[in-house]
Amino acid sequence: SQTIHQWPATLVQPVGSPLSLECTVEGTSNPNLYWYRQAAGRGLQLLFYSVGIGQISSEVPQNLSASRPQDRQFILSSKKLLLSDSGFYLCAWDQGRRTNEQFFGPGTRLTVL
Amino acid sequence: AQTVTQSQPEMSVQEAETVTLSCTYDTSESDYYLFWYKQPPSRQMILVIRQEAYKQQNATENRFSVNFQKAAKSFSLKISDSQLGDAAMYFCAYRSGNTGNQFYFGTGTSLTVIP
């Protein structure tokens, strides 16, 4: 069966520090991968998605970047965190067929102080 | 981009009663898919139910059912015999059947179940 992992689960970082959040998927190949941010009391905002290694699409211009160095690995990064980067970050995957649901990881809670 | 609207930020229901969560969406497409996700306090997103736009029959999963009104672009979720474990944030989501890969999510409805 497929599983999706995210780490770390929680992170507290000072403003201006770098960021690296990792997401890995097991039990499937060539998945579509997604990064979402969920601010308190709000919905999910799609940040990036990837349909293959090295292929990244950005939905919202921001302080963050994403990379996909391996088929089942998706990394969210920042060189200098802002206060506004605080939130709950969710990684998700699907098989690309329109009928399929997205499967979500457990999320990372990021607090920027 | 498509928009998904959930006009009820919060809802409450008595245990064992029925509650309906509303969702509307805006699209010019005819082929698309709709989903309801549940996010309990653990924050793990779980699929509740899905509906293909080409199907006229409303989807049903045990105590969960939808009222899909394609012309009105409405996709409400009905929870019957509500249980304490149903307490969660519920998100409505849209996915195009033709273009793009992304899901579009509503802002969510927080459901409280009163014992």
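Scroll up to find the structure this text is about.
Here the residue numbers are simple positions, counted from 1 along each chain's written sequence. Each chain takes a letter, starting from A, and each ligand takes a number, starting from 1, following the order in which they are written. A pLDDT threshold of at least 70 governs which residues receive local features in this predicted model, and a stricter bar of 80 or more applies before side-chain atom pairs are shown or counted, although totals over entire chains, interfaces and linings include all residues. With hydrogens and water set aside, each side-chain value is computed from the structure's full complement of heavy atoms.

Attention shifts here to the state of the cysteines. In what follows, a disulfide is any cysteine sulfur pair within 2.5 Å. Taken as a whole, this structure holds two disulfides over all chains when the rule is applied. The disulfide partner of C23(A) is C91(A), and the S-S distance across this bridge is 2.0 Å. Between C23(A) and C91(A), the disulfide has an S-S torsion of -75 degrees and is therefore left-handed. Pair noted here: C23(A) is in strand β3 (residues 19-26) and C91(A) is in strand β9 (residues 87-94), with a separation of 68 residues, a long-range link. Looking at C23(A), the relative accessible area reads 1%, which means it is buried. Taking relative accessible area as the criterion, C91(A) reaches 0% and is therefore assigned buried. In this model, C23(B) is linked to C92(B) through a disulfide, with the two sulfur atoms separated by 2.0 Å. Because the sign of the S-S torsion sets the handedness, a value of about -70 degrees for the bond joining C23(B) and C92(B) places this disulfide among the left-handed ones. Runs of H or I in DSSP of at least four residues are treated as helices and runs of E of at least two as strands, each being numbered from the N terminus. Using a 1.4 Å probe on the protein chains alone, a residue whose accessible area is under 20% of its type maximum counts as buried, one over 50% counts as exposed, and one in between counts as partly exposed.

Any two residues having at least one pair of non-hydrogen atoms within 4.5 Å are treated as being in contact. In this complex, chain B contributes 22 residues to the contact, which on the side of chain A involves 25 residues. Counting the surface chain B buries against chain A, the share from its top three residues, R43(B), R95(B) and N101(B), is 29%. A carboxyl oxygen of Asp or Glu within 4 Å of a side-chain nitrogen of Lys or Arg is what we treat as a salt bridge. On the surface where chain B and chain A come into contact, there are two salt bridges. As a salt-bridge pair, D94(A) and R95(B) come within 3.1 Å of each other at their nearest N and O atoms. Of all elements in the fold, only β5 (32-39), β6 (46-52), β10 (88-96) and β11 (103-105) of chain B reach the threshold of two or more residues within the side of chain B that touches chain A. The element that contributes the greatest number of residues to the side of chain B that touches chain A is β5(B), accounting for four residues. The term buried area means the drop in 1.4 Å probe accessible area that two parts suffer when joined, counted for both and summed.

Of the consecutive residues W7(A) and P8(A), the connecting peptide bond is found in the cis state with omega at 0 degrees. As for its placement among the helices and strands, P8(A) is situated in the loop between β1 (3-7) and β2 (10-13). In this model, A16(B) sits at a positive phi of 80 degrees, which is unusual for a non-glycine residue. In this fold, A16(B) is placed in the loop between β2 (10-14) and β3 (19-21). Judged by its relative accessible area of 46%, A16(B) is partly exposed. The backbone of R43(B) shows a phi angle near 75 degrees, a positive value even though the residue is not glycine.

Moving on: the sheet that holds β1(A). Residues and elements named next belong to chain A. What the four strands build is an open sheet, ordered β1-β3-β8-β7; its pairing is antiparallel. This sheet does not close on itself; its edge strands, each paired only once, are β1 and β7 (65-70). Strand-to-strand twist of the sheet, defined as the mean angle between neighbouring strand axes without regard to direction, takes the value 20 degrees. Strand pairing requires that DSSP identify at least two bridges connecting the strands. Direction of pairing for β7 relative to strand β8 (residues 73-78): antiparallel, over a ladder of four bridges. Orientation is described by axes fitted as lines to C-alpha atoms, over the contacting stretch for helices, and by angles from 0 to 180 degrees between their N-to-C directions.

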